[in-house]
Every structure is written in C-alpha cells, then in structure tokens.
Amino acid sequence: MAAKIKRNDQVQVTAGKDRGRRGQVRTVLPEAGRAVVTGINMIKKHQRSTGPQQPGGIIEREAPISLANLAVICASCGEAARVGFRLLEDGRKVRFCKKCNEAID
Ligand SMILES: [Zn+2]
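As the structure is a computational prediction, the values presented were derived from the model and not from experiment. (Residues numbered from 1 in each chain as written. Predicted model: local features only at pLDDT ≥ 70, side-chain atom pairs only at ≥ 80, totals over all residues. Heavy atoms only, no water.)

A. Quick look at the packing of aromatic side chains. Following the criterion strictly, the structure yields zero aromatic pairs and no others. The ring of F96 has R86 sitting right over it, with the charged end atom 4.1 Å from the ring centre. Sitting above the plane of the F85 ring, K93 keeps its charged end 5.7 Å from the centroid. (Phe/Tyr/Trp six-rings, centres within 6.5 Å; stacked < 30°, edge-to-face > 60°. Lys NZ or Arg CZ within 6 Å of the ring centre and 35° of its normal.)

Written as structure tokens, this is what we have:
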C-alpha cells in the first residue's frame, strides 16, 4: 500500500494531547506505523551524566506518534487533508487532497 504520509510532509495531529498542532515529519517508521514529527509528542527523558561533556539532566525529545493520528496538510488549501490516491497516465501513483482535489506530491 502506498504511504499517505512521507518524510518532510507538513502534518497536523488529529488526536491525542498534541491535537491540532502541526509539524514536519522527520522520520517514518513503517513497521511500527508511526512517525517522528518535529516538536510533536515531546517526552521528557532523564539522562544520566556520562562525563563532563554530557552533564545529564532532563532532555526533551520527540516520541514516535501513530500515523493514524496524523493528517497531511494540503499545500493548496492549507487544511489537514484527507488523502486519496490517483493513478497518473504514466503509472505513477500520487496523493491528492479530497477537500480541494489538488495533488499533494
Ligand atoms: Zn487541499
């Protein structure tokens, strides 16, 4: 199945504590069905000091979020789009926004 969400997409969170927030997809983890999105699903992680260069403390980082809770933001209409797929004449499959009908890829 073709991916609805790809690396570097602008996405909006549709569920959970970050609902409504937007960010850019940094990594997609297809096997886990999750993605890491810049600034989304931040978790605090306690880091132990490993030496003078690594002082330790609490660091914040993104945890992977379920792809089911993300929607691609359509560049044409600016909305969190429901994505469909369309087959081009040359056989390529492209994503399109079901709202404004514009291609996303
Ligand atoms: Zn659109």
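Still to come is the rest of the account.
B. Summary view of the coordination of the zinc ion. Protein ligation of the zinc ion involves C74 (SG), C77 (SG), C97 (SG) and C100 (SG), the donor distances falling in the range 2.3 to 2.4 Å. Around the zinc ion, the four donor atoms are arranged such that angles at the metal cover 106 to 117°; this shape is classified as tetrahedral. Mapping the donors of the zinc ion onto the primary sequence yields the spacing C-x2-C-x19-C-x2-C. We classify C74 as buried; its relative accessible area is 2%. (Donors = N, O, S within 2.8 Å, 3.2 Å for Na, K, Ca; no water. Tetrahedral: all angles 85-135°; square planar, octahedral: opposite > 155°, others 65-115°. Buried < 20%, exposed > 50% of the residue type's maximum accessible area, 1.4 Å probe, protein only.)

C. Representation of the side chain of E62 in the model. Within the secondary structure, E62 sits in strand β5 (residues 57–62). A polar contact is formed between the side chain of E62 and the side chain of R26, at a distance of 3.1 Å. One polar contact links the side chain of E62 to the main-chain amide nitrogen of G39, over a distance of 2.8 Å. Those residues in contact with E62 that lie beyond four places of it in its chain are R26, V36, V37, T38, G39, I40, N41 and M42. (Helix = DSSP H or I, 4+ residues; strand = E, 2+ residues; numbered from the N terminus. Polar contact = N/O pair within 3.5 Å; in protein donor to acceptor, adjacent residues only side chain to side chain. Contact = heavy atoms within 4.5 Å.)

D. Looking closely at the nonpolar core. Ranked by size, the top nonpolar core spans eleven residues in total: I5, V11, V13, V25, A35, V37, I40, I65, L70, V72 and V83. Mapped by element, the contributors of at least two residues to this core are β1 (10–13), β3 (34–37) and β7 (70–72). (Core = buried A, V, L, I, M, F, W, Y, C linked by side-chain atoms within 4.5 Å.)

E. A look at the sheet that holds strand β2 (residues 22–29). The five strands lie next to each other as β6-β3-β2-β1-β7, forming an open sheet whose pairing is antiparallel. Each edge of the sheet is formed by a strand with only one pairing partner; in this case those strands are β6 (65–66) and β7. (Pairing = 2+ DSSP bridges.)

F. Representation of the environment of D90. Structurally, D90 can be placed in the loop between β8 (83–87) and β9 (93–97). Classification of D90 as exposed rests on a relative accessible area of 55%. Side-chain polar atoms of D90 contact the backbone nitrogen of R92, separated by 3.0 Å.

G. Spatial organisation of the environment of E62. Given a relative accessible area of 11%, E62 falls into the buried group. For the pair E62 and V37, spaced 25 residues apart in sequence, the C-alpha to C-alpha distance is 7.0 Å.

H. Just the pattern of salt bridges, in detail. Overall, the coordinates contain nine salt bridges when judged by the stated rule. The salt bridge involving E62 is made with R26; its shortest N-O contact spans 3.1 Å. Linking E62 in strand β5 with R26 in strand β2, this pair joins segments that are 36 residues apart in sequence. (Salt bridge = Lys/Arg side-chain N within 4 Å of Asp/Glu carboxyl O.)

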